[in-house]
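# Structural overview
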Amino acid sequence: MTGHITGAVAALADQLPEWVTLLRAPNPGPMTLDGTNTWVLRSGPGEPAVVVDPGPADDGHLAAIAAHGPVAAVLITHGHPDHTEGSPRLRELLGGAPVRAVDPAHCHGGAPLDANAPLDQAGLAVTAVPAPGHTADSVCFLVARGDERVVLTGDTILGRGTTVVAHPDGHLGDYLASLELLSTYRGVPALPGHGPALADCGVAAEFYLAHRRARLDQVRQAVAEGATTAGEVVAKVYADVDRSLWWAAEWSVRAQLEYLGVERP
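Please read all numbers here as calculations on a predicted model, not as lab measurements. (Residues numbered from 1 in each chain as written. Predicted model: local features only at pLDDT ≥ 70, side-chain atom pairs only at ≥ 80, totals over all residues. Heavy atoms only, no water.)

## So, the pairing of strand E3 (residues 49-52)
Side chains Ala49 and Val51 project from E3 onto one buried face, and the interleaved Val50 and Val52 project onto a second face that is buried too. Note: strand E2 (residues 37-41) against E3, 3 bridges, orientation antiparallel. The residue bridging Trp39 from the neighbouring strand is Val52, located in E3. Strand direction decides the pairing type here: E3 and strand E4 (residues 71-75), joined by 4 bridges, are parallel. Residue pairing for E4: Val51 is matched across the bridge by Val74. (Buried < 20%, exposed > 50% of the residue type's maximum accessible area, 1.4 Å probe, protein only. Helix = DSSP H or I, 4+ residues; strand = E, 2+ residues; numbered from the N terminus. Pairing = 2+ DSSP bridges.)

Put into structure tokens, the structure is as follows:
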């Protein structure tokens, strides 16, 4: 029986690359773990930085990000408020740095991101890797400085535990395909939207894939045993999850049932 995963799904990164800085927002919770991770990447001293996911509209957190200026661009992994809410104010603090996302609704002063189109940002090679599934607009960022690479995974891969496929915006088939793509980044550190950095994006993605497939088998079994609603499936399959989080588990179950072609209220 596959249980609820709460620990790291791959080895933790021993240390961050010297050109990467983590600023964690003070918004811990069941869905945000220790808080939203804002990543600041800079190719070298004096070069403008790239900021990924400003986080919530917390004045102290936004001031801490702005203290790492100058900033060439602010990039968004997906549109959930714990990643984007601070964007407009941060842009003001940074003197108008463009905020770019896949969804135009989350862009401020910059064009929407073109997935798979490389961006040259102040000595950093940045590629927005399409990663729909957690949400329809999710992307990861493959960032290279010279021979070093990192993958900023947003909520597609977390540093601890597993993520929710936020049905109906999220889609399990898309999510599995995104994990297949991320599994090709073997040996590349993963910098997640929540939790600690992981040493190997590919290993983490493979673990997620195995876990999701095992969960699908459990959902099939629950339906075969007579579960008739998403709530009943949650009670069978996610019995080891704290009941206060069953509402989130139900999102994932609805996505699983849709993926399996099973209609349930």
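## Things to note about the packing of helix H4 (residues 172-182) against helix H5 (residues 201-224)
The geometry of H4 relative to H5 is characterised by a closest axis approach of 8 Å and an angle of 150° between their N-to-C directions. When the axes of H4 and H5 are compared, the pair comes out roughly antiparallel. Considering how the two elements wind past one another, H4 and H5 form a crossing that is left-handed. From H4, Leu172, Tyr175, Leu176, Leu179, Glu180 and Leu182 reach across to H5, where they touch Cys201, Gly202, Ala205, Tyr208, Leu209, Arg212, Arg213 and Leu216. Across the contact of H4 with H5, the residue classes break down as 10 nonpolar, 1 polar and 3 charged. (Axes fitted to C-alpha atoms, helices over the stretch in contact; angles between N-to-C directions. Parallel < 35°, antiparallel > 145°, perpendicular 65-115°, else oblique. Left-handed = near helix turned anticlockwise from the far one by under 90°. Contact = heavy atoms within 4.5 Å. Nonpolar A, V, L, I, M, F, W, Y, C, P; charged D, E, K, R; others polar.)

## Describing the packing of H5 against helix H7 (residues 246-260)
In helix packing, the relevant descriptors are the interaxial angle and the interaxial distance, both defined with respect to the helix axes. At a minimum axis distance of 10 Å, the contact between H5 and H7 shows a crossing angle of 80°. Comparing the axis directions of H5 and H7 gives the class roughly perpendicular. Between H5 and H7, the residues in contact are Arg212, Arg215, Leu216, Val219, Arg220 and Val223 and Ser252, Gln256, Leu257, Tyr259 and Leu260, respectively. When grouped by side-chain class, the residues that make up the contact of H5 with H7 number 6 nonpolar, 2 polar and 3 charged.

## Focus on helix H6 (residues 230-237)
Restricting attention to buried positions, one finds in H6 the residues Ala230, Val233, Val234 and Val237. All buried residues of H6 fall inside an arc of 100° around its axis, so they share one side. Lining the buried residues of H6 we find H5 and H7. (Arc of directions from axis to C-beta.)

## Let's talk about the nonpolar core
Judged by nonpolar contacts, the single largest core of 26 residues is most densely connected at Val151, Ile157, Leu172, Leu182, Tyr185, Cys201 and Tyr208. The set of elements that each furnish at least two residues to this core consists of strand E8 (139-145), H4 and H5. With 6 residues, the top contributor of residues to this core is H5. Leave out the neighbours within four places in its chain, and Leu172 touches Val165, Arg212, Leu216, Ala255, Gln256 and Tyr259. In this structure, Val52, Leu113, Val139 and Val150 belong to the second largest nonpolar core, which totals 20 residues. (Core = buried A, V, L, I, M, F, W, Y, C linked by side-chain atoms within 4.5 Å.)

## Details of the sheet that holds E3
Strand order in the open sheet formed by 5 strands is E1-E2-E3-E4-E5, with mixed pairing between adjacent strands. What marks the edges here is a single partner per strand, and that holds for strand E1 (20-24) and strand E5 (99-100).

## Re H5
The end-to-end C-alpha distance of H5, which contains 24 residues, comes to 35 Å, matching closely the 34 Å that a straight helix rising 1.5 Å per residue would cover. Capping the start of H5, Asp200 holds a side-chain oxygen 3.0 Å from the backbone nitrogen of Gly202, two or three residues further along. Looking one or two residues beyond H5, the residue adopting positive phi is Gly226, at roughly 110°. (Expected span 1.5 Å × (residues − 1). Polar contact = N/O pair within 3.5 Å; in protein donor to acceptor, adjacent residues only side chain to side chain.)

## Points about the side chain of Thr156
Relative to the assigned elements, Thr156 resides in the loop between strand E9 (148-154) and H4. The residues contacting Thr156, other than those within four sequence positions of it, are Ala131, Ser138, Cys140, Thr163, Tyr175, Leu179, Leu182 and Tyr208.

## Focus: a nonpolar patch on the surface
A surface patch of nonpolar side chains, amounting to about 310 Å² of accessible area, comprises Met31, Trp247 and Trp251. In this fold, Met31 is placed in the loop between E1 and E2. With a relative accessible area of 37%, Met31 lands in the partly exposed category. (Patch = residues over 30% accessible without salt bridge, like charges linked within 9 Å, V, L, I, M, F, W, Y side chains within 5 Å. Areas by Shrake-Rupley, 256 points an atom, 1.4 Å probe, with all protein chains shown as cover. Salt bridge = Lys/Arg side-chain N within 4 Å of Asp/Glu carboxyl O.)

## What about the pairing of E8?
Counted residue by residue, E8 has 6 buried out of 7 residues, so it is predominantly covered. Here strand E7 (residues 124-130) pairs with E8 via 6 bridges, running antiparallel. Residue pairing across strands places Ala125 opposite Ala144, the latter belonging to E8. In terms of strand pairing, E8 meets E9 through 5 bridges, oriented antiparallel. Pairing of Arg145 across the sheet is with Glu148, part of E9. Joining the antiparallel neighbours E8 and E9 is a turn of 2 residues, in which Gly146 adopts a positive phi near 60°.

## Re the sheet that holds strand E10 (residues 190-192)
Taken together, the 5 strands give an open sheet; going across it, the order is E6-E7-E8-E9-E10, and neighbouring strands pair in mixed fashion. Lying at the two open borders of the sheet, with one neighbouring strand each, are strand E6 (118-121) and E10. Along the sheet, successive strands turn relative to each other by an average axial angle of 25°, direction set aside.

In short, the description is geometric, and any link to function would need to be established separately.
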